[in-house]
Amino acid sequence: QKEVEQNSGPLSVPEGAIASLNCTYSDRGSQSFFWYRQYSGKSPELIMFIYSNGDKEDGRFTAQLNKASQYVSLLIRDSQPSDSATYLCAVMYNNNDMRFGAGTRLTVKP
Amino acid sequence: NAGVTQTPKFRILKIGQSMTLQCTQDMNHNYMYWYRQDPGMGLKLIYYSVGAGITDKGEVPNGYNVSRSTTEDFPLRLELAAPSQTSVYFCASGRGQAQPQHFGDGTRLSIL
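This structure is a prediction, so every number in the text was calculated from the model and none was measured. (Residues numbered from 1 in each chain as written. Chains lettered and ligands numbered in written order. Predicted model: local features only at pLDDT ≥ 70, side-chain atom pairs only at ≥ 80, totals over all residues. Heavy atoms only, no water.)

Peer 1: So what exactly am I meant to see when it comes to the interface of chain A and chain B here?
Peer 2: One widely used convention gives an interface's size as the accessible area the parts lose upon coming together. Taken together, the contact between chain A and chain B spans 22 residues of the former and 22 residues of the latter. For the pair chain A and chain B, the summed buried area comes to about 1700 Å², and 53% of that belongs to carbon and sulfur atoms. Across the chain A-chain B interface, the total number found is one salt bridge. As a salt-bridge pair, Glu59 of chain B and Arg99 of chain A come within 3.3 Å of each other at their nearest N and O atoms. (Contact = heavy atoms within 4.5 Å. Buried area = accessible area lost by both parts, 1.4 Å probe. Salt bridge = Lys/Arg side-chain N within 4 Å of Asp/Glu carboxyl O.)

Peer 1: Just to check I follow, could you spell out unusual backbone geometry for this structure?
Peer 2: Note on backbone geometry: most residues besides glycine have negative phi, and most peptide bonds are trans. In this structure, the amide linkage connecting Gly9 of chain A to the following residue, Pro10 of chain A, adopts the cis form with an omega of 10°. Checked against the element boundaries, Pro10 of chain A lands in the loop between β1 (4–6) and β2 (11–14). Positive phi, normally seen in glycine, also occurs at Asn28 of chain B, with a value near 60°. With respect to the helices and strands, Asn28 of chain B occurs in the loop between β3 (19–25) and β4 (31–37). (Helix = DSSP H or I, 4+ residues; strand = E, 2+ residues; numbered from the N terminus.)

Peer 1: Any chance you could explain the state of the cysteines here in plain terms?
Peer 2: A disulfide bridge is the covalent bond that connects two cysteines by way of their sulfur atoms. Under the defined criterion, the tally for this structure stands at two disulfides over all chains. Two residues share a disulfide in this structure: Cys23 of chain A and Cys89 of chain A, whose sulfurs sit 2.1 Å from each other. Looking along the S-S bond of the Cys23 of chain A-Cys89 of chain A disulfide, the torsion reads about -70°, which is the left-handed sense. With Cys23 of chain A in strand β3 (residues 19–25) and Cys89 of chain A in strand β9 (residues 85–92), this pair connects stretches of sequence that are 66 residues apart. Here the two residues Cys23 of chain A and Cys89 of chain A agree in accessibility, since each one is buried. Covalently, Cys23 of chain B is tied to Cys91 of chain B through a disulfide, its sulfur atoms 1.9 Å apart. (Disulfide = S-S within 2.5 Å. Buried < 20%, exposed > 50% of the residue type's maximum accessible area, 1.4 Å probe, protein only.)

Peer 1: Sorry, what's going on with the nonpolar core here?
Peer 2: Counting residues in each nonpolar core, the largest one holds 24 residues, and the members touching the most others are Trp35, Val72, Leu74, Ile76 and Tyr87 of chain A. When residues of this core are traced back to their parent elements, those giving at least two are β3, β4 (32–38), β5 (45–50), β7 (61–66), β8 (71–76), β9 and β11 (104–109) of chain A. Once residues within four sequence positions are removed from consideration, Leu74 of chain A is found in contact with Ala19, Ser20, Leu21, Trp35, Ile47, Met48, Phe61, Thr62, Ala63 and Tyr87 of chain A. Grouped together as the second largest cluster of nonpolar side chains are 19 residues, Leu13, Trp34, Leu78 and Leu109 of chain B included. (Core = buried A, V, L, I, M, F, W, Y, C linked by side-chain atoms within 4.5 Å.)

Peer 1: How should I be thinking about the environment of Leu46 of chain A in this particular structure?
Peer 2: Structurally, the position occupied by Leu46 of chain A is in strand β5. Residues Leu46 of chain A and Tyr87 of chain A lie 41 residues apart in sequence; the distance between their C-alpha atoms is 9.8 Å. When residues no more than four places from it in sequence are discounted, the contact partners of Leu46 of chain A are Phe34, Trp35 and Tyr36 of chain A together with Pro100 of chain B.

Peer 1: Teacher, can you tell me more about the pattern of salt bridges here?
Peer 2: Side chains bearing opposite charge may pair, as long as their charged atoms lie close to each other. Following the criterion strictly, the structure yields nine salt bridges over all chains and no others. For Asp105 of chain B, the salt bridge goes to Lys9 of chain B, with nearest N and O atoms at 4.0 Å. With Asp105 of chain B in the loop between β10 (102–103) and β11 (107–111) and Lys9 of chain B in the loop between β1 (4–7) and β2 (10–13), the pair connects residues that are 96 residues apart, well separated along the chain. Take Lys9 of chain B: its relative accessible area is 48%, and that puts it in the partly exposed class. Linking Glu79 of chain B and Arg77 of chain B is a salt bridge whose minimum nitrogen-to-oxygen distance equals 3.3 Å. Several salt bridges share partner residues, and in doing so they unite Asp97 and Arg99 of chain A together with Lys44 and Glu59 of chain B into one network.

Have a look at this one:
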């Protein structure tokens, strides 16, 4: 079974804090991992993608991948109220089979 | 910068009716995808295409059909609408396998 699990939240952090979002997946053969942000009533927009073990940084965002433990995480530094959204973890399995987690709802309080 | 364009944005269907959800992309992407998203859930892959003339089933294909006659267009067909197909439908495109996908604005479909 190809599962992608996320804590549904809500996760609440104060403005300026670090938000940590986690995701676990079931298939060790997965090669590509994505984080999307989705505002209420809107379409998903790509935040980060990562293919290799370790960290990948882009501005205030850092994606972390640990294939041995089958988890991928997203850190948001200096969180802003505009970061309040649902964050979707997505894992690309073989043959273009993309599986999404149910999402973690993040609220950043001013 | 149109990107991925979906039409219509909203639609209400009666049980048993049929309709086609349109999706067009202007990024010359070979890969295109259709997803559905139920309230509070993640996206589920319905069908995908790796190029014109090539389509394949995703996780939840039952009740849907697709075609891909051109690189730009990837319509999704519902033949006999059922209440279980009430959802938000997203079309996406990407440059290749395992590449990031770019999403359209979605179609909100209600079947009553």
